[in-house]
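# A closer look at the structure
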Amino acid sequence: MIDILIIGSGGAGLASALTAKELGKTVLVVGKNYSTTSQTSMAQGGMNASLGNVTPDSIESHIDDTIKSAHKICDNDMVRYMCEDAQNSIEWLDGLGVPFDRTDDNRVAQRQLGGASSKRACYAQDYTGLKILHTLYDNILKEEIEIVEELFLLNLITKDGVVLGATFLDIIKGEVKEILAKSTIIATGGYGGVYRGYTTNSEGATGDGIASVLRAGGVVSDMEFVQFHPTALKSSATLISESARGEGGYLVDSKGERFVDELLPRDVVARAIASKISHGEDVFLDIRHLGEEKILHLMPQEVHLCKLYEDIDPVKELIPIKPVAHYSMGGIDVNQNLEVNGLKNCYAVGECSNAKVHGANRLGGNSLLEIISLGRLAGRNASKAEFTALNSDNRQLKRDMEYIESLFEEYPWDREFYEIQDELGDKFYRYAGIVKDNRELNNLLNELRVIKADIDNMGIGDKNRENNTNLVEFLQFKNILEVGEIILDASLVRDESRGAHYKREFPKEDDKLYRVNSLYWIEDEVLQNRLVKVVE
């Protein structure tokens, strides 16, 4: 039996793996997709650390900015840990070989992102996440850590509340297998895929790890808080990095007039843009005044994306943009050791996890910091976990094998889930997005529950066993339904506006009633009797 199973091969999973290997543990990393294409590669702007290399800064300022952005519902101790560890995390990455941009005196260069009080984000042009991810992956290979790709997480294996590993669909072979481990780390990313067609996330960001924790009896929290990035390309929802505004870009309306402070927190900027669009105006990002030399040096990826998806040259033309779903602040509820509440020997880290460092609105530049700082913490804590000698009875494996086998049976499916999935993405963006309304949320929740009740009338048309993307996409769709229901439940419960969660009927914060985390858990194995608990 291996010491640590890490489910998810993005930045958080790889940081955990390298740390656990340093501590002498046997590690296996598994991923649904290829590691170097994970969501981490799409984080462009930078990684926060109060180094003070460009402008005066302090750890306390970083903490204050994070707590302010979180709107009072973060864990201040976890925020302090992450911010205090930021310099160590940058030094660790620098030692691994991440090619950060440099100042004239060879210190790590830094830029300002929204909500920050100084130039704090360490960057590598506008490819920061990609270069961090590729460097981590290079070091995984160097350390000979085993990594297996194209394994789709089905369920956690539990016994008496202890996680013993997980079951997976081997996508290449079409077979179900189990992997047992003394400790398990879930690093499967967020749930932006619920907003299909209106998200900067890849189509694989379907909350698989979160759904598996729910099915296993674990807890999730703060699922109503979904961050919408202010600047995605209008036609494709492709992310245009906050670095464009951090370097001095303007947001302008159809008249060419600036209408919002571009470096306010993302929730404020996204709502300002959405308001303009709702009144029939177009909104643009203008970086022309920065000059061609600066743009090509600091934002080469943005130039390429604009030309590729909008057929414009941002050096000379305005960039048409819209806000879209970008980051999941809520997720698997964990304690300060990052152990999943409700489960033993199971940890969660990264965007799938709610370590309560982002609260109601993540500070730009803190996501890359979280996956490295807390990823390393998860690796250390999972390495110290006491192993409970319980044997798997293969019941979960047998159930999952039987279910997957049933999907290959010839059956006249009378509903097509792809069309439903696209419609849900559109409705989540309109009714559970930047501005929410209880009536619309209730209508969408009822519609989603009707779809869930009809899931047995949906299935797969492709009966090939090997490399069956139809099967994977159906399993992801089922996870979207589970996660989407929780998002809507949580949004209905919180009758106030706080950070990224904004309601028309309740436009103000209500600390007396809602300065809390909303927690959800599953009562039984067939996903019925979901309870809602609100705790101080």
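This text follows the structure it describes.
Predicted model only: the values in this text are computed from it and were never measured. (Residues numbered from 1 in each chain as written. Predicted model: local features only at pLDDT ≥ 70, side-chain atom pairs only at ≥ 80, totals over all residues. Heavy atoms only, no water.)

## Quick notes on the overall build of the chain
Each helix and strand counted, the chain has 15 helices and 19 strands in total. Relative to the compact-globule value of 24 Å for 536 residues, the chain shows a C-alpha radius of gyration of 22 Å, a close match. Principal-axis analysis of the C-alpha atoms gives the chain an extent of 65 × 50 × 50 Å. Out of the 536 residues in the chain, the part that is buried amounts to 59%. When contacts within the chain are restricted to residue pairs at least 6 apart in sequence, long-range pairs at least 24 apart make up 73% of them. Of the roughly 20,700 Å² that the chain leaves accessible, carbon and sulfur atoms contribute 46%. Taken together, the 59 basic and 85 acidic charged side chains of the chain have centroids lying 3 Å from each other. (Helix = DSSP H or I, 4+ residues; strand = E, 2+ residues; numbered from the N terminus. Rg over C-alpha atoms; globule rule 2.2 N^0.38 Å. Buried < 20%, exposed > 50% of the residue type's maximum accessible area, 1.4 Å probe, protein only. Contact = heavy atoms within 4.5 Å. Areas by Shrake-Rupley, 256 points an atom, 1.4 Å probe, with all protein chains shown as cover. Lys, Arg positive; Asp, Glu negative; His and termini not counted. Charge placed at Lys NZ, Arg CZ, Asp CG, Glu CD.)

## Regarding unusual backbone geometry
The phi dihedral of His 71 falls on the positive side, at around 60 degrees, and the residue is not glycine. Examined against the element boundaries, His 71 turns out to sit in the loop between helix H2 (59-70) and helix H3 (76-96). In the Ramachandran plot, Asp 311 falls in the positive-phi region, its phi being about 55 degrees despite a non-glycine side chain. Note that Asp 311 resides in the loop between helix H9 (300-309) and strand E14 (319-328). Given a relative accessible area of 69%, Asp 311 falls into the exposed group.

## Quick notes on helix H10 (residues 366-384)
Over its 19 residues, H10 runs 26 Å from end to end, which matches the ideal 27 Å to within 8%, given 1.5 Å per residue. Summarising burial for H10: 17 of the 19 residues are buried, a large majority. (Expected span 1.5 Å × (residues − 1).)

## Focus: the sheet that holds E14
Pairing in this open sheet of 4 strands is antiparallel, and the strands run E11-E14-E13-E12 from one edge to the other. Strands at the two margins of the open sheet, each flanked by one partner only, are strand E11 (226-233) and strand E12 (250-252). Averaged over all neighbouring strand pairs, the angle between strand axes comes to 45 degrees, with direction disregarded. With 6 bridges joining them, E11 and E14 adopt antiparallel strand pairing. Bridge assignment links Leu 233 to a residue of E14, and that residue is Ile 321. (Pairing = 2+ DSSP bridges. Axes fitted to C-alpha atoms, helices over the stretch in contact; angles between N-to-C directions.)

## Considerations on the packing of aromatic side chains
Across all of its chains, the model carries 7 aromatic pairs by this definition. Where Tyr 195 meets Phe 228, the ring centres are 5.5 Å apart and the plane angle is 85 degrees; that geometry is what we call edge-to-face. Pair noted here: Tyr 195 is in the loop between strand E9 (175-186) and helix H5 (208-216) and Phe 228 is in strand E11, with a separation of 33 residues, a long-range link. Exposure remark for Phe 228: the relative accessible area of 4% places this residue in the buried category. Judged by centre distance (5.8 Å) and plane angle (80 degrees), the ring pair of Tyr 195 and Phe 428 falls under edge-to-face. Of this pair, Tyr 195 sits in the loop between E9 and H5 while Phe 428 sits in helix H12 (residues 417-431), placing them 233 residues apart in sequence. There is no split in this pair, since Tyr 195 and Phe 428 are both buried. Here the aromatic residues Tyr 195, Tyr 198, Phe 228, Phe 428 and Tyr 429 are joined through ring pairs into a cluster of three or more. Against the face of Tyr 123 rests Arg 111, its NZ or CZ located 3.8 Å from the ring centre. Sitting over the face of the ring of Phe 408, Arg 465 holds its NZ or CZ atom 4.0 Å from the ring centroid. (Phe/Tyr/Trp six-rings, centres within 6.5 Å; stacked < 30°, edge-to-face > 60°. Lys NZ or Arg CZ within 6 Å of the ring centre and 35° of its normal.)

## Structural notes on the packing of H12 against helix H13 (residues 438-453)
The contact between H12 and H13 brings their axes to 10 Å, and the two run at 160 degrees. When the axes of H12 and H13 are compared, the pair comes out roughly antiparallel. Considering only the axes of H12 and H13, their crossing is left-handed. Contacts between H12 and H13 pair Ile 420, Leu 424, Lys 427, Phe 428 and Tyr 431 from the former with Glu 440, Leu 441, Leu 444, Glu 447, Leu 448 and Ile 451 from the latter. (Parallel < 35°, antiparallel > 145°, perpendicular 65-115°, else oblique. Left-handed = near helix turned anticlockwise from the far one by under 90°.)

## Description of the nonpolar core
Burial of nonpolar side chains together is a common tendency in soluble globular proteins. By size, the foremost hydrophobic cluster in this structure holds 122 residues, and its most contacted members are Tyr 195, Leu 338, Phe 428 and Phe 477. Considering every element that reaches this core, the biggest residue donor is helix H14 (residues 469-493), with 13 residues. (Core = buried A, V, L, I, M, F, W, Y, C linked by side-chain atoms within 4.5 Å.)

## Some remarks on the environment of Pro 230
With respect to the secondary-structure elements, Pro 230 resides in strand E11. Spatially, the C-alpha atoms of Pro 230 and Ala 272 are 8.9 Å apart, while their sequence positions differ by 42 residues. Among all residues touching Pro 230, those that are not within four sequence positions of it are Arg 245, Arg 266, Val 269, Ala 270, Ile 273, Ile 321, Lys 322 and Pro 323.

## Some thoughts on the side chain of Asn 361
In this structure, Asn 361 sits in the loop between strand E17 (353-354) and H10. Side chain to side chain, Asn 361 and Gln 227 meet in a polar contact 3.1 Å long. There is a polar contact of 3.1 Å between the side chain of Asn 361 and the side chain of Asp 267. In this view, Asn 361 contacts Ser 69, Ala 70, His 71, Gln 227, Pro 265, Arg 266, Asp 267, Met 329, Gly 499 and Ala 500; residues no more than four positions away in its chain are not counted. (Polar contact = N/O pair within 3.5 Å; in protein donor to acceptor, adjacent residues only side chain to side chain.)

## Some points on the sheet that holds strand E4 (residues 110-111)
Within the open sheet, the 3 strands sit side by side as E3-E5-E4. Their pairing is antiparallel. This sheet does not close on itself; its edge strands, each paired only once, are strand E3 (47-48) and E4. With 2 bridges connecting them, E4 and strand E5 (residues 121-122) associate as antiparallel partners. Across the sheet, residue Arg 111 finds its bridge partner in E5, namely Ala 121.

## Observations concerning the pattern of salt bridges
Evaluated as defined, the whole model comprises 39 salt bridges. Notably, a salt bridge pairs Arg 120 with Asp 65, separated by 2.9 Å at the nearest N-O pair. In this pair, Arg 120 sits in the loop between E4 and E5 while Asp 65 sits in helix H2, placing the two residues 55 residues apart along the sequence. Of the two residues, Arg 120 and Asp 65, both sit in the buried class. The partner of Arg 504 in a salt bridge is Glu 440, and the shortest N-O contact between them spans 3.5 Å. With a gap of 64 residues between them, Arg 504 in the loop between H14 and helix H15 (511-514) and Glu 440 in helix H13 connect regions that are remote in the sequence. Residues joined by salt bridges that share partners form a network here, namely Lys 72, Glu 224, Arg 494, Glu 496, Arg 498, Glu 509 and Asp 511. (Salt bridge = Lys/Arg side-chain N within 4 Å of Asp/Glu carboxyl O.)

Everything listed is a geometric property; what it means functionally is a separate question.
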